Amino acid sequence: MKRILTNKGFTLVEMLVVMAVFVVIIAIAGESFNSILKYSAKLVKSEESNIEGIVGLEMMRHDIQQAGFGLFTDASPVAYTAEAANTPESDYNDGTVGPPRAIVTAQITTAGTVNADDNGTAVALKRIVGTDYLVVKATSIGRNAAAQKWTYLRFSSPSVKPNVWNSNAENFANGDKVVLLRRNVTKTDSTSTLVQDTAGSAAQSYYFAYSDTAFAAFSSANASMMSAYGVNTSTGSNLRFPYNRADYFIGESSTNKPKVCSPSTNVGVLYKMLVNHDGGTFSAIPLLDCVADMQIVLGWDLMNGPVAGTDGIIDTWSNANGTVAAQYDPSRDMASAAQVQAALLDPALIRSSLKLIKVYILAQDGRRDPGYTAPATVVVGDVGESALTKTYDLTGADMRNYRWKVYRNVTRPKNLVSNQ
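Residues numbered from 1 in each chain as written. Predicted model: local features only at pLDDT ≥ 70, side-chain atom pairs only at ≥ 80, totals over all residues. Heavy atoms only, no water.

## Details of the side chain of D315
- Along the polypeptide, D315 turns up in the loop between β13 (282–300) and β14 (316–319).
- From its side chain, D315 meets the backbone nitrogen of L302 in a polar contact 3.1 Å long. (Helix = DSSP H or I, 4+ residues; strand = E, 2+ residues; numbered from the N terminus. Polar contact = N/O pair within 3.5 Å; in protein donor to acceptor, adjacent residues only side chain to side chain.)

Below is the structure:
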């Protein structure tokens, strides 16, 4: 039986139909893939912002916790050079005899320009009016190795020598610049006096160049309550002042702002600025991109107790410059704005009464999204703090086509007597 073979194929109409369906499927798949790419880009940038925020805020939290570490509380026996050399950052200097304030906060009312060095590049950063400014002073907030170390003096016959830790990484290197503090402890307070190097240069006798035998001139009696704190590792230069200082603020620069940020001149970068001991200038450390606002709320123990401010409970909350004071518990006495402003200028009251620092940061979350419109306003603070913080107005499409996130950083300064 013969099999009849045929060469029948697809008709032109069938081919056209199949091709049309295939084109439609490719188009749908392409559009879906494009949407996935756009969403992934937004998600990646959003996660980058979150990671930057976590790292930057942890650095800020660490510095606030360290505020007051290694600071002397009695007047220095010898004058030193003022902290920052230039305005407006010199507005937050303390005197050249001290004692220094562990924390300084302020509200920016005039823009001013802060000139700094950003990894070898000079940059002029405009301060944004209405944002807050935070200054932390301690020996341990510097970036060098010596600033992360401390030790104490002990009697090792026939002289007094610094204690040597078991881990060599924790020990000072010869030549590190350290300050010596003599501790004075009472039932209610712990104070410290800066020790003068009487064998050194009269102009630079408020610190010592570390060595294993640097303190041999001290007797065992006057060294029994003495500690050494590292400030700087730099050789061949002097310490400008006997501690370190870091400033946190939002700086805006058209040449230094990432392209993904809102073009608004009210959006900049959150910086940590370290005062250089060589010249009193600033070194800039960018912490978080695309930041629009920073607000600070302070918690004080200034009233109540057997002696005012001794019960350990926050009785007064204030904004950064102390012009507004508020309370959460009406049954307790509250300090006035004038009392808070006085406390902000008093190193002893800051040490004994400042218990909590809240920092709120309004930052961009991801890239520009033309299809998204942000709410007209964002509250930069917690519920009930409207008088102390701010309701931020996101004016114009240059800000409202971006998503915004409020970071909240609440820290107790552990090295202040009020939290010990």
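## A look at the nonpolar core
- Counting 71 residues, the largest nonpolar core has M60, L270, M273, W300 and I361 as the members making the most contacts within it.
- Discounting residues that sit within four places of it in the chain, M60 has contacts with L134, Y248, L270, M294, V359, I361 and N409.
- V267, I314, A326 and M399 belong to the second-largest nonpolar core, a separate cluster that totals 21 residues. (Core = buried A, V, L, I, M, F, W, Y, C linked by side-chain atoms within 4.5 Å. Buried < 20%, exposed > 50% of the residue type's maximum accessible area, 1.4 Å probe, protein only. Contact = heavy atoms within 4.5 Å.)

## Notes on the layout of surface pockets
- Within this model, the second largest pocket holds a volume of roughly 280 Å³.
- Residue lining of the second largest pocket: 22 residues in total, with G68, L71, T73, R351 and N415 positioned closest to the centre.
- Here the element with the most residues in the lining of the second largest pocket is helix α3 (residues 347–353); it accounts for three residues. (1 Å grid on protein atoms, 1.4 Å probe; cavity = no way out; pocket = protein on both sides within 12 Å on 5 of 7 lines; lining within 4 Å. Points joined across faces, edges and corners; volume = space filled by probe spheres on them.)

## A look at a nonpolar patch on the surface
- Nonpolar side chains collect at one region of the surface, where L12, M15, L16 and M19 lie side by side and expose about 430 Å² of accessible area between them.
- With respect to the secondary-structure elements, M15 resides in helix α1 (residues 12–66). (Patch = residues over 30% accessible without salt bridge, like charges linked within 9 Å, V, L, I, M, F, W, Y side chains within 5 Å. Areas by Shrake-Rupley, 256 points an atom, 1.4 Å probe, with all protein chains shown as cover. Salt bridge = Lys/Arg side-chain N within 4 Å of Asp/Glu carboxyl O.)

## Re helix α2 (residues 337–344)
- Listing the buried residues of α2 in full gives V340, A343 and L344. Take α2 and look down its axis: the buried residues cluster within an arc of 100°, on one side only.
- Where α2 is buried, its residues meet β1 (103–107), β13, β14, β15 (325–326) and α3. (Arc of directions from axis to C-beta.)

## Side note on the pattern of salt bridges
- Applying the stated criterion to the full structure yields 13 salt bridges.
- Two residues, K137 and E83, come together in a salt bridge whose shortest N-O distance is 3.0 Å. Of the two residues, K137 sits in strand β4 (residues 132–138) while E83 sits in the loop between α1 and β1, which places them 54 residues apart along the sequence.
- Assessed through its relative accessible area of 0%, K137 is described here as buried.
- A residue is classified by how much of its surface remains accessible, and E83, at 1% relative accessible area, is buried.
- D369 is paired through a salt bridge with R403; the nearest N and O atoms lie 3.0 Å apart. Residue D369 is located in the loop between β16 (354–364) and β17 (377–380), and its partner R403 is located in the loop between α4 (397–400) and β19 (404–411); the two are separated by 34 residues in the primary sequence.
- The partly exposed category is assigned to R403, whose relative accessible area is 33%.
- If you follow the salt bridges from partner to partner, you end up with E83, D94, R101, K137, R245 and D247 in one network.

## Observations concerning unusual backbone geometry
- The amide bond that connects T87 to the next residue, P88, takes the cis arrangement and shows omega of 5°.
- The residue after G98, namely P99, is reached through a cis peptide bond having omega 0°.
- Within the secondary structure, P99 sits in the loop between α1 and β1.
- A positive phi angle, close to 55°, is found at N119, a residue other than glycine.
- Note on N119: relative accessible area 70%, which makes it exposed.
- The phi dihedral of C290 falls on the positive side, at around 55°, and the residue is not glycine.
- Inspection of the secondary structure assignment puts C290 in strand β13.
- You can call C290 buried: its relative accessible area is 4%.

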